[in-house]
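The chain contents come next:
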Amino acid sequence: MTERVVIVGGGIAGVSTAGALRAGGFDGDVTIVDPGEFPYDRPPLSKDFLLGVKNGEQIALQPPRWYDDQRVRLVNRTAVTALHPAEGKVELSDGTVLLADRVVLATGGAAARPPIPGIGSERVHVLRTAEDADRLRPALAPGADVLVVGAGLIGAEVASTALRLGCEVTLVDPVAVPLTAALGPDLAAWLHGLHARHGITAVQAGVEAFADRGERIEARLAGESAARSYDAVVLGVGMVPHTGLAERAGLEVDRGIVVDAGQVTSHPHVLAVGDPARTRHDGVLLPRTEHWEAARHDGARAAATLLGAEAPAPTAPWFWTDRHGRHVEAVGHMDAAELTVVRGGFDDPSFAVFGLRDGFVVAAAAVDDSTAVRAARRMIDRRVPADAGKLADPAVNLRGLMRG
Ligand SMILES: Cc1cc2nc3c(=O)[nH]c(=O)nc-3n(C[C@H](O)[C@H](O)[C@H](O)COP(=O)(O)OP(=O)(O)OC[C@H]3O[C@@H](n4cnc5c(N)ncnc54)[C@H](O)[C@@H]3O)c2cc1C
């Protein structure tokens, strides 16, 4: 019987696991170990927290009393240094050893730092933690020349925030139109085009080298002979999952901690959730998801496994991003669509793109239209047959279409 669960990492995946355990009636000990002061949410780090309109307390995942109310022991300012699943032991950085019948690895990851010459300069920033954001904010002073490397989710949000803070922003990415697979080519191009329309210099290139010149930093872009000069550089080029603990404990790791549909790793007493977890489905390793909601769902599934309860039904993957005052949401797999239809126009205050295949919605992405994405999600999850013409007609109520 499981009496003691130790959760390694206090991100959304770890805290969701703890919450779902209690919601499911688990009465044993639940401990979360995290090196930070308190568990906080990461999406605001590139948005309101970086902007300075939200402080640390305002991005806490739970208020302090939640841990008492839920009887969740928070061991903060401490890291787990080793797991011994066969012995049911977890070693902490302060030398303490915790006993655990089950361990949940919710260790997230670190911002990627590719091996570009000069990348170790103090003027090169990354953004994964609140400390990273605190260090970056003063570099985004009004008038500062800032180079953002990577125009995916985090890079694009940082570029938008830096612009709002009054910086001169250059955004480089070797990919002509980022997020095409997730949003479809037209919406992705429109979204990427927002940067230039708001005054960001968007350049299609990779960075070959940085050179710290004391007061400034130079960046040499592929295909350019002269280096460009900036006050600061921010990298938004992906993340590297924290798999070290799992590897050292002898668990199966393959560019992620390999788990089954119940989040169980190759050791039956260790589960993994969130960004570092990689699911094997029907013998095939799926790509890791690096989105907030997926991490939360992993926590719910891990809790169900620990409780011996039925796992919550899977739902189509969903994420959001905010930039230049526009809120974008996407659900499903746009790259699986054979037909896309647009509801509204790209110049409208809000609009949505639906991706269809074989008469069913397989994806949707929308700008300032959460309702459309919610409707699409229901249609995907419930396999409701879709009429492309009706979806494209803003006069047709989506509620009616959700029922098929
Ligand atoms: C700047 C930023 C903006 C984002 N914006 C969005 C967005 O708009 N929409 C969206 O869908 N997703 C967004 N994401 C992605 C989303 O935040 C992540 O998918 C989510 O945070 C993953 O949660 P997690 O719990 O798996 O990992 P994390 O949030 O990384 O939490 C892992 C925790 O484990 C701790 N840890 C690591 N090793 C140990 C150890 N050995 N011992 C103890 N603790 C350890 C870490 O310190 C950390 O606190 C954003 C991410 C970032 C960084």
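Residues numbered from 1 in each chain as written. Predicted model: local features only at pLDDT ≥ 70, side-chain atom pairs only at ≥ 80, totals over all residues. Heavy atoms only, no water.

> Even after reading the chapter, I still don't get the domain arrangement of the protein chain, so can you show me in this structure?
The parts lose accessible area when they come together, and the size of an interface is often stated as this lost area. Each assigned domain of the protein chain is listed here: domain 1 (4-110 + 239-307), domain 2 (113-235) and domain 3 (325-402). The partner domain 3 presents 11 residues to the nine residues of domain 2 that form the contact. Of the roughly 830 Å² buried where domain 2 meets domain 3, counting both sides, 77% is carbon and sulfur surface. Per-residue buried area on domain 2 facing domain 3 is highest for Leu183, Leu187 and Trp190; these three make up 58% of the total on that side. The interface formed by domain 2 and domain 3 includes zero salt bridges. In this structure, the connection of domain 2 to domain 3 is made through two residue pairs in polar contact (both at pLDDT 80 or more). Elements with a minimum of two residues in the side of domain 2 that touches domain 3: helix H6 (180-183) and helix H7 (185-197). (Domains from an automatic or database assignment. Contact = heavy atoms within 4.5 Å. Buried area = accessible area lost by both parts, 1.4 Å probe. Salt bridge = Lys/Arg side-chain N within 4 Å of Asp/Glu carboxyl O. Polar contact = N/O pair within 3.5 Å; in protein donor to acceptor, adjacent residues only side chain to side chain. Helix = DSSP H or I, 4+ residues; strand = E, 2+ residues; numbered from the N terminus.)

> What am I meant to see in unusual backbone geometry here?
Keep in mind that most residues, glycine aside, have a negative phi and that most peptide bonds are trans. At Arg71, a position not held by glycine, the phi torsion is positive, near 50°. Take Arg71: it is sitting in the loop between helix H3 (64-69) and strand E3 (72-75). Classification of Arg71 as partly exposed rests on a relative accessible area of 45%. The backbone of Leu179 shows a phi angle near 70°, a positive value even though the residue is not glycine. Note that Leu179 resides in the loop between strand E11 (168-173) and H6. (Buried < 20%, exposed > 50% of the residue type's maximum accessible area, 1.4 Å probe, protein only.)

> Honestly, the packing of aromatic side chains in this entry has me stumped. Any pointers?
Following the criterion strictly, the structure yields six aromatic pairs and no others. Taking the centre distance of 5.0 Å and the plane angle of 85° together, the rings of Trp66 and Tyr67 count as edge-to-face. By relative accessible area, which is 7% here, Tyr67 ends up buried. An angle of 20° between the planes, with centres 4.6 Å apart, marks the rings of Phe346 and Phe351 as stacked. (Phe/Tyr/Trp six-rings, centres within 6.5 Å; stacked < 30°, edge-to-face > 60°.)

> Sorry, what's going on with the pairing of strand E10 (residues 145-149) here?
Regular strands place side chains that alternate from one sheet face to the opposite one. The buried fraction of E10 is high, at four of five residues. Pairing analysis gives five bridges linking E10 to E11, with the strands arranged parallel. Bridged to Asp145 within E11 is Glu168. Handedness of the crossover joining E10 and E11 through helix H5 (residues 153-164) is recorded here as right-handed. (Pairing = 2+ DSSP bridges. Right-handed = clockwise from strand over helix to strand, strands pointing away.)

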